[in-house]
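Chain and residue survey
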Amino acid sequence: MRKKIVAGNWKMNLDLQEGIALAKELNEALTAEKPNCDVVICTPFIHLASVASVLDANLIGLGAENCADKEKGAYTGEVSAKMVKSTGAQYVILGHSERREYYKETPEILKEKVLLALANGLKVIFCIGESLEEREANKQNEVVKAELEGSVFNLSAEDFAKIVIAYEPIWAIGTGKTATAEQAEEIHAYIRGCVAEKYGAEVAENTSILYGGSCKASNAPELFAKPDIDGGLIGGASLKCADFKGIIDAWKK
Ligand code: 13P
């Protein structure tokens, strides 16, 4: 059975003290009321070690939002997959549309990052998703397939099992516009079909595919009720404990 996952992506919002306080609050809330799904929080690099020390690792996974495309060496300002792992983190988000767009991360760069993350024992939350223009031209399926082919379909089936896919339509990120549950389910089923075509039905059945883009407590139950939506990757609504817990609780409905 594939995992149900609710993952937070804090992005560049909280300072260190705010991040530690939020992690503590979430850890307390989930200790008091055990979640019905895997919970992961992905934080800026500088938060990782401190947040790791306040989380119960059996209850909440920890991840970075990026890692370098080089193993080590003279790359001023970069943070390697090995460094991420050494903080206690188990995950890394790669391929987020904000990284692709603002930092010009290409499929080739992402392919390197994925390989380094896996080689260092990290699980990868790999993001894919189309722009509004591509959706309006009905190109969403070819866009997501090309993103998978460009950076993760080179992996062995064994390594692909360490990938969680996050479908995040760019037009729904931070805009308040969520894909409808039907729109999301349609493309999630398509994505699972692509995985089945490449790795076979069993691998596809075991791959968690998360939805991201203005997901909140009010729309999560409808999204998560769909057969091919295995949870969410949450931006804005992961920054307050009550909001994030509301989404986690969608798995209890
Ligand atoms: P929002 O939930 O703020 O729309 O962000 C989604 C996202 O980009 C998660 O990676």
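Notes on the structure in this doc start here. Every residue gets a number counted from 1 within its own chain, in the order that chain's sequence is written. Restriction of local features to residues with pLDDT of at least 70 applies here, the model being predicted, together with a cutoff of 80 or more for giving and counting side-chain atom pairs; totals for whole chains, interfaces and linings are based on all residues. To obtain the side-chain values, all non-hydrogen atoms of the structure were used and water was disregarded.

Moving on, we come to empty space enclosed by the protein. Grid points spaced at 1 Å over the protein atoms alone were grouped into cavities, where a 1.4 Å probe fits but cannot get out, and pockets, open sets with protein on both sides within 12 Å along at least five of seven lines, with lining residues defined by an atom within 4 Å of a point. Grid points are joined across faces, edges and corners, and a volume is the space filled by probe spheres set on the points. Per the counting criterion, the structure on display carries 1 cavity of 30 Å³ or more. Considering only enclosed or pocket space, the largest cavity measures out at about 40 Å³ in volume. The wall of the largest cavity is formed by G95, H96, S97, R100, C127, I128, G129, E147, E168 and I170. When contributions to the lining of the largest cavity are tallied by element, the ones reaching two or more residues are α4 (97-102) and β5 (123-128). Here a helix means four or more residues in a row that DSSP labels H or I, a strand means two or more in a row labelled E, and each is numbered from the N terminus.

Turning next to the packing of aromatic side chains. In this scheme Phe, Tyr and Trp rings, the latter by its six-membered ring, pair at centre separations within 6.5 Å, and the angle between planes marks the pair as stacked below 30 degrees, edge-to-face above 60, and tilted otherwise. As enumerated under the stated definition, the model contains 5 aromatic pairs in all. Ring centres 6.4 Å apart and planes at 50 degrees place the aromatic pair Y167 and Y211 in the tilted group. Taken together, the residues Y167 in strand β6 (residues 163-167) and Y211 in strand β7 (residues 209-212) connect sequence positions 44 residues apart. Only protein chains enter the accessibility calculation, which uses a 1.4 Å probe; a residue whose area is less than 20% of its type maximum is buried, one above 50% is exposed, and one in between is partly exposed. The class for Y167 is buried, based on a relative accessible area of 0%.

What follows concerns the pattern of salt bridges. The rule for a salt bridge is simple: a side-chain nitrogen of Lys or Arg has to be within 4 Å of a carboxyl oxygen of Asp or Glu. Scanning all chains against the criterion turns up 17 salt bridges. The residue K3 makes a salt bridge to D38 at a minimum N-O spacing of 3.8 Å. Residue K3 is found in the segment before β1 (5-9), and its partner D38 is found in strand β2 (residues 38-43); the two are separated by 35 residues along the sequence. Among the salt bridges present, the one from E33 reaches K252, with a minimum N-O distance of 3.2 Å.

This paragraph deals with helix α7 (residues 140-151). Owing to its 3.6 residues per turn, the α-helix aligns residues three or four sequence positions apart on the same side. In this scheme, a helix's expected span is set at 1.5 Å multiplied by one less than its residue total. With 12 residues, α7 extends 17 Å between its outermost C-alpha atoms, agreeing within 8% with the 16 Å of an ideal straight helix rising 1.5 Å per residue. Residue contacts follow a heavy-atom distance rule, with two residues in contact if any of their heavy atoms lie within 4.5 Å. Against α4, α5 (107-119), β5, α6 (132-136), β6 and α9 (181-199) lie the buried residues of α7.

Once that is clear, we can look at the site of the ligand. With respect to spatial proximity, the complete set of residues near the ligand consists of N9, K11, H96, E168, A172, I173, G174, G213, S214, L233, G235 and G236. Interatomic distance of 3.0 Å between a side-chain N/O atom of N9 and an oxygen atom of the ligand. Two N or O atoms form a polar contact when they lie within 3.5 Å of each other; inside protein one atom must be a possible hydrogen donor and the other a possible acceptor, and for residues adjacent in sequence the pair counts only when both atoms belong to side chains. Measuring from an oxygen atom of the ligand, one finds a side-chain N or O atom of K11 at 2.8 Å. When isolated, the ligand has an accessible area of 310 Å², and the protein chains bury 95% of it. Its residues assigned to classes, the shell around the ligand comprises 3 nonpolar, 7 polar and 2 charged. Only heavy atoms are used to decide nearness, and a residue is near a molecule or strand if one of them lies within 4 Å of it. Accessibility throughout is a Shrake-Rupley quantity obtained with a 1.4 Å probe, and a residue counts as covered only by protein chains that appear here. Gly is placed with the polar residues, together with every amino acid not listed as nonpolar (Ala, Val, Leu, Ile, Met, Phe, Trp, Tyr, Cys and Pro) or charged (Asp, Glu, Lys and Arg).

By secondary structure assignment, the location of K245 is in helix α12 (residues 241-248). Reaching out from K245, the side chain makes a polar contact with the side chain of E33 at a distance of 2.9 Å. Not counting chain neighbours up to four residues away, the residues in contact with K245 comprise A29, L30 and E33.

This next bit is on the layout of surface pockets. Roughly 480 Å³ of internal volume is contained in the largest pocket. Taken together, 14 residues form the lining of the largest pocket, with K11, M12, E65, R99 and Y103 sitting closest to its centre. When the residues that make up the lining of the largest pocket are grouped by side-chain class, the tally is 6 nonpolar, 4 polar and 4 charged. Size it by volume and the second largest pocket reaches roughly 280 Å³. Taken together, 16 residues make up the lining of the second largest pocket; nearest its centre are A161, K162, I163, N206 and S208. Of all the elements in the fold, those that place two or more residues in the lining of the second largest pocket are β6 and α10 (201-206). Here the element with the most residues in the lining of the second largest pocket is α10; it accounts for 3 residues. Partitioning the lining of the second largest pocket into residue classes produces 8 nonpolar, 3 polar and 5 charged.

None of the figures reported here should be taken as evidence of function without further support.
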